[in-house]
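Inside the fold
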Amino acid sequence: GASASICLNALSLILTERMQIMRDVAAYKAKYHLPVEDLAREEKVLSAARNTAHEAGLEPQSVEPFISALMNAGKAIQYRYLADGFAQPDLSVTDRCLDGIRQRINELDKHLLMMISQRLRTGHLSYSERAWLAEKTASPNLTEAEKDNLLDTMRFIQRAE
Ligand SMILES: C=C(O[C@@H]1C=C(C(=O)O)C=C[C@H]1O)C(=O)O
């Protein structure tokens, strides 16, 4: 129905923004000589996701593979930016501080899980919806394999009974 496709569209926009914002994260880390991987931050992202899942009526454990996939893709995207020296003129360079970027990531993750919960009220994602999401969701430096992994783990998410 209409509301399902609105959710799906929002989902793809939020996913796309989360992947695209990795350019800003990578630029910040390059400037201040910080490592891409920050395990303390990843722990916070995971625990915030479990809390949001609980509030949104999702099975908290079922969101973990999806959140891990998001972070693995996020790190891979950053490594590629660092490796190519930000050569692609795909987005304007921003000079946001990491705290501000991470606040936006927190919001995106919350909205993602709320949209997924909303969408799952009317049943599981169909194969054609998955294909639609794969086609719509795009970011520089995101590989097809990473996108597949994101969508596969998204389909693993379950509503709480
Ligand atoms: C995005 C960041 O880089 C990495 C990816 C993360 C993510 O996708 O949420 C979290 C921590 C880092 O390992 C970050 O440091 O905030």
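Residues numbered from 1 in each chain as written. Predicted model: local features only at pLDDT ≥ 70, side-chain atom pairs only at ≥ 80, totals over all residues. Heavy atoms only, no water.

To continue, consider the environment of Val45. For Val45, the location among the structural elements is in helix α3 (residues 39–55). Of the residues examined, Val45 reaches a relative accessible area of 6% and is grouped as buried. As for Val45 and Leu108, which are separated by 63 residues in sequence, their C-alpha atoms are 11 Å apart. (Helix = DSSP H or I, 4+ residues; strand = E, 2+ residues; numbered from the N terminus. Buried < 20%, exposed > 50% of the residue type's maximum accessible area, 1.4 Å probe, protein only.)

Moving on: the packing of aromatic side chains. This structure, assessed with the given rule, holds one aromatic pair. Judged by centre distance (4.7 Å) and plane angle (45 degrees), the rings of Tyr28 and Tyr32 are tilted. Taking the relative accessible area as the measure of exposure, Tyr32 reaches 44% and is therefore partly exposed. (Phe/Tyr/Trp six-rings, centres within 6.5 Å; stacked < 30°, edge-to-face > 60°.)

Attention shifts here to the nonpolar core. Across soluble globular proteins, nonpolar side chains show a tendency to be buried alongside one another. Ranked by internal contacts, the top residues of the largest apolar core, which has 39 residues, are Phe66, Ile67 and Met154. Those elements that place two or more of their residues in this core are α1 (2–20), α2 (22–31), α3, α4 (64–84), α5 (98–120), α6 (127–136) and α7 (144–155). Not counting residues up to four positions away in its chain, the partners in contact with Ile67 are Val45, Leu46, Ala49 and Leu113. (Core = buried A, V, L, I, M, F, W, Y, C linked by side-chain atoms within 4.5 Å. Contact = heavy atoms within 4.5 Å.)

Taken together, 14 residues form the shell around the ligand, and within it Arg18, Lys29, Glu42, Gln78 and Arg102 come nearest. A distance of 2.9 Å separates an oxygen atom of the ligand from a polar atom in the side chain of Gln78. Here Arg102 contributes a side-chain N or O atom positioned 2.7 Å from an oxygen atom of the ligand. Considering the ligand on its own, with 360 Å² of exposed area, one finds that the protein chains cover 100% of that surface. (Near = heavy atom within 4 Å. Polar contact = N/O pair within 3.5 Å; in protein donor to acceptor, adjacent residues only side chain to side chain. Areas by Shrake-Rupley, 256 points an atom, 1.4 Å probe, with all protein chains shown as cover.)

Counted under the stated rule, the structure contains two cavities of 30 Å³ or more. By volume, the largest cavity is sized at about 210 Å³. Taken together, 17 residues line the largest cavity, and the ones lying closest to its centre are Met22, Lys29, Arg41, Glu42 and Gln78. Contributions of two or more residues to the lining of the largest cavity are made by α2, α3, α4 and α5. With four residues, α4 is the largest single contributor of residues to the lining of the largest cavity. The residue inventory of the lining of the largest cavity, partitioned by class, reads seven nonpolar, two polar and eight charged. (1 Å grid on protein atoms, 1.4 Å probe; cavity = no way out; pocket = protein on both sides within 12 Å on 5 of 7 lines; lining within 4 Å. Points joined across faces, edges and corners; volume = space filled by probe spheres on them. Nonpolar A, V, L, I, M, F, W, Y, C, P; charged D, E, K, R; others polar.)

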